[in-house]
Amino acid sequence: ASSSMVRYAELEGLPEIYKRMRSADWKDRTSGVEDVVRLVCSHTSKVVNSGKLLMMLDRLCEKLSDGNTKVNLLALQGVSRCLSALGEQAEPSLGVLVPSLCGNLARTPKLHDLAKTIFEGLTMSLDAKLLALPYCNAVLSNENLKIKSVMLGKLADVVPRLCDEGNGKIAMKHIVPVATKSCLDSRSDVKAPCATLIITLYSCLGQDFIAHVNKIAKDAEVNHIERLCGV
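It should be emphasised that the depicted structure is a prediction, and the values quoted were computed from it without experimental measurement.

Participant: Could you give an account of the overall build of the protein chain, with specific residues and numbers?
Facilitator: Along the backbone of the protein chain there are 14 helices and zero strands. Across its three principal axes, the protein chain shows a C-alpha extent of roughly 65 × 35 × 20 Å. Burial status across the protein chain gives 47% buried among its 231 residues. Total accessible area computed for the protein chain in this model is approximately 11,100 Å², and 53% of it derives from carbon and sulfur atoms. Between the averaged position of the 29 positive side-chain charges in the protein chain and that of its 25 negative side-chain charges there is a distance of 3 Å.

Printed below as a string of structure tokens:
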């Protein structure tokens with residue numbers, strides 16, 4: 001009983017932790033990040049059951065755009081640890097996590113590589129049908145080439161899992177339009193992963209994919225996609 005009271009008391013301290021996370025002093029922000037990560041990782045079920053998880057991850061994700069690189073890196077490492085502890089319980093927070101992580105793909109090489117590794121873990125461990133829409137939004141809402149490149153690659157990883165789970169319709173509805181809109185982008189960072197995505201869609205969805213492209217795409221896009229697929 002006493003241990004559950006301690007855990008509860010720690011969660012009650014969250015307002016003070018949040019205050020530190022928004023302090024002008026980077027050392028305060030660092031200690032706030034460390035405290036949130038420790039609570040999520042050490043008291044996972046308590047945090048989930050308390051209904052406070054979304055807010056905690058939201059505040060942690062705010063620090064993924066911190067002006068101090070040390071705080072930013074610590075927060076990104078913290079997100080990685082939290083996701084490992086949470087597993088599928090992280091799914092409700094994908095709407096916050098994915099855009100925040102995307103921002104780090106466009107920052108320093110160290111932050112980019114760590115964010116990319118986190119996306120690889122998410123893509124393999126979480127439900128593909130829940131990843132499809134946030135990943136599509138990430139491609140459509142970002143003009144940064146590093147972000148587009150990684151997220152088109154992640155969509156190509158999601159497609160076979162969707163189809164294996166009988167969710168090809170989700171790929172058709174959300175992912176095919178993204179591939180179509182990106183297919184004529186001649187920049188190599190986009191061109192190569194988009195071609196991989198298109199070939200993956202064709203190999204998983206077959207002629208239904210080509211038929212759908214013919215319905216929704218412009219002639220130049222249709223011709224390009226059919227040429228890629230050897231149709």
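So, next bit.
Participant: Let's hear about helix α7 (residues 94–105): which residues, and what values?
Facilitator: For an α-helix the count is 3.6 residues per turn, leaving residues at separations of three or four pointing the same way. Across its 12 residues, α7 extends 16 Å between first and last C-alpha, which sits within 8% of the 16 Å expected from 1.5 Å per residue. The complete set of buried residues in α7 reads Leu94, Leu97, Val98, Ser100, Leu101, Cys102, Asn104 and Leu105. Among the structural elements, α5 (53–62), α6 (69–86), α8 (109–125), α9 (128–141) and α10 (145–164) are those in contact with the buried residues of α7.

Participant: Before we move on, could you go through the side chain of aspartate 66 and cite the residues and values that matter?
Facilitator: Relative to the helices and strands, aspartate 66 is located in the loop between α5 and α6. In terms of polar contacts, aspartate 66 uses its side chain to reach the side chain of arginine 29, at 2.7 Å. Excluding residues within four positions of it along the chain, aspartate 66 makes contact with Arg29, Val71, Asn72 and Arg107.

Participant: Residues and numbers for the nonpolar core, please.
Facilitator: Core analysis: the largest hydrophobic core is formed by 74 residues, its most contacted members being Phe119, Tyr135, Met151, Ile175, Leu197, Leu201 and Phe209. No other element matches α10, which puts nine residues into this core. With residues up to four places along the chain from it excluded, the contact list for methionine 151 reads Val98, Cys102, Leu105, Phe119, Tyr135, Ala138 and Val139.

Participant: Can you explain the packing of helix α2 (residues 14–21) against α5? Please cite residues and give values.
Facilitator: When two helices pack together, their arrangement is given by the angle between the helix axes and the distance between those axes. Packing of α2 against α5 leaves a shortest axis separation of 10 Å and a crossing angle of 15°. The angle between the axes of α2 and α5 places the two elements in the roughly parallel class. For the crossing formed where α2 meets α5, the hand is left-handed. Residues Leu14, Tyr18 and Met21 of α2 form the contact with α5, whose own contacting residues are Met55, Met56, Arg59 and Leu60. Counted by class, the contact of α2 with α5 contains six nonpolar, no polar and one charged residues.

Participant: Residue-level account of the packing of aromatic side chains, with values.
Facilitator: Tallied over the full model, the rule gives one aromatic pair. A ring pair is formed by phenylalanine 119 and tyrosine 135, whose centres lie 5.8 Å apart and whose planes are at 85°; its orientation type is edge-to-face. One end of the pair, phenylalanine 119, is in helix α8; the other, tyrosine 135, is in helix α9, with 16 residues separating them in the sequence. According to the relative accessible area criterion, phenylalanine 119 is buried, its value standing at 0%.

Participant: Give me the lowdown on the pattern of salt bridges, citing residues and values where you can.
Facilitator: Tallied over the full model, the rule gives 11 salt bridges. Put simply, lysine 63 and aspartate 66 hold a salt bridge, and the shortest N to O gap is 3.5 Å. Judged on exposure class, the residue lysine 63 and its partner aspartate 66 are both buried. Salt-bridge contacts for aspartate 127 lead to lysine 129; the nearest nitrogen and oxygen are separated by 2.9 Å. When salt bridges with common partners are traced through the structure, they connect Glu16, Arg20, Asp35 and Arg38 into a single cluster.

Participant: Break down the environment of lysine 154 for me, citing the residues and quoting the values.
Facilitator: Along the chain, the position of lysine 154 falls in helix α10. Through-space distance from the C-alpha of lysine 154 to that of valine 47 is 29 Å; in sequence the pair is 107 residues apart. Dropping the residues within four chain positions of it, lysine 154 is found in contact with Phe119, Glu120, Thr123 and Tyr135.

Participant: Quick rundown of α9? Include the residues and the values.
Facilitator: In this model α9 runs 20 Å from its N-terminal to its C-terminal C-alpha over 14 residues, within 8% of the 20 Å that 1.5 Å per residue would give. By the burial criterion, the buried members of α9 are Ala128, Leu131, Ala132, Pro134, Tyr135, Cys136, Ala138 and Val139. Residues of α9 that are buried make contact with α7, α8, α10 and α11 (168–182).

Participant: Explain the side chain of threonine 44 to me, and be specific about the residues and the numbers.
Facilitator: Turning to its location among the elements, threonine 44 is positioned in helix α4 (residues 44–50). A residue is classified by how much of its surface remains accessible, and threonine 44, at 15% relative accessible area, is buried. Looking at threonine 44, its side chain comes within polar contact range of the main-chain oxygen of valine 40, at 2.7 Å. In contact with threonine 44, not counting residues within four places along its chain, are Leu39, Ala85, Leu86 and Gln89.

The rules we used
- Residues numbered from 1 in each chain as written.
- Predicted model: local features only at pLDDT ≥ 70, side-chain atom pairs only at ≥ 80, totals over all residues.
- Heavy atoms only, no water.
- Helix = DSSP H or I, 4+ residues; strand = E, 2+ residues; numbered from the N terminus.
- Buried < 20%, exposed > 50% of the residue type's maximum accessible area, 1.4 Å probe, protein only.
- Areas by Shrake-Rupley, 256 points an atom, 1.4 Å probe, with all protein chains shown as cover.
- Lys, Arg positive; Asp, Glu negative; His and termini not counted.
- Charge placed at Lys NZ, Arg CZ, Asp CG, Glu CD.
- Expected span 1.5 Å × (residues − 1).
- Contact = heavy atoms within 4.5 Å.
- Polar contact = N/O pair within 3.5 Å; in protein donor to acceptor, adjacent residues only side chain to side chain.
- Core = buried A, V, L, I, M, F, W, Y, C linked by side-chain atoms within 4.5 Å.
- Axes fitted to C-alpha atoms, helices over the stretch in contact; angles between N-to-C directions.
- Parallel < 35°, antiparallel > 145°, perpendicular 65-115°, else oblique.
- Left-handed = near helix turned anticlockwise from the far one by under 90°.
- Nonpolar A, V, L, I, M, F, W, Y, C, P; charged D, E, K, R; others polar.
- Phe/Tyr/Trp six-rings, centres within 6.5 Å; stacked < 30°, edge-to-face > 60°.
- Salt bridge = Lys/Arg side-chain N within 4 Å of Asp/Glu carboxyl O.

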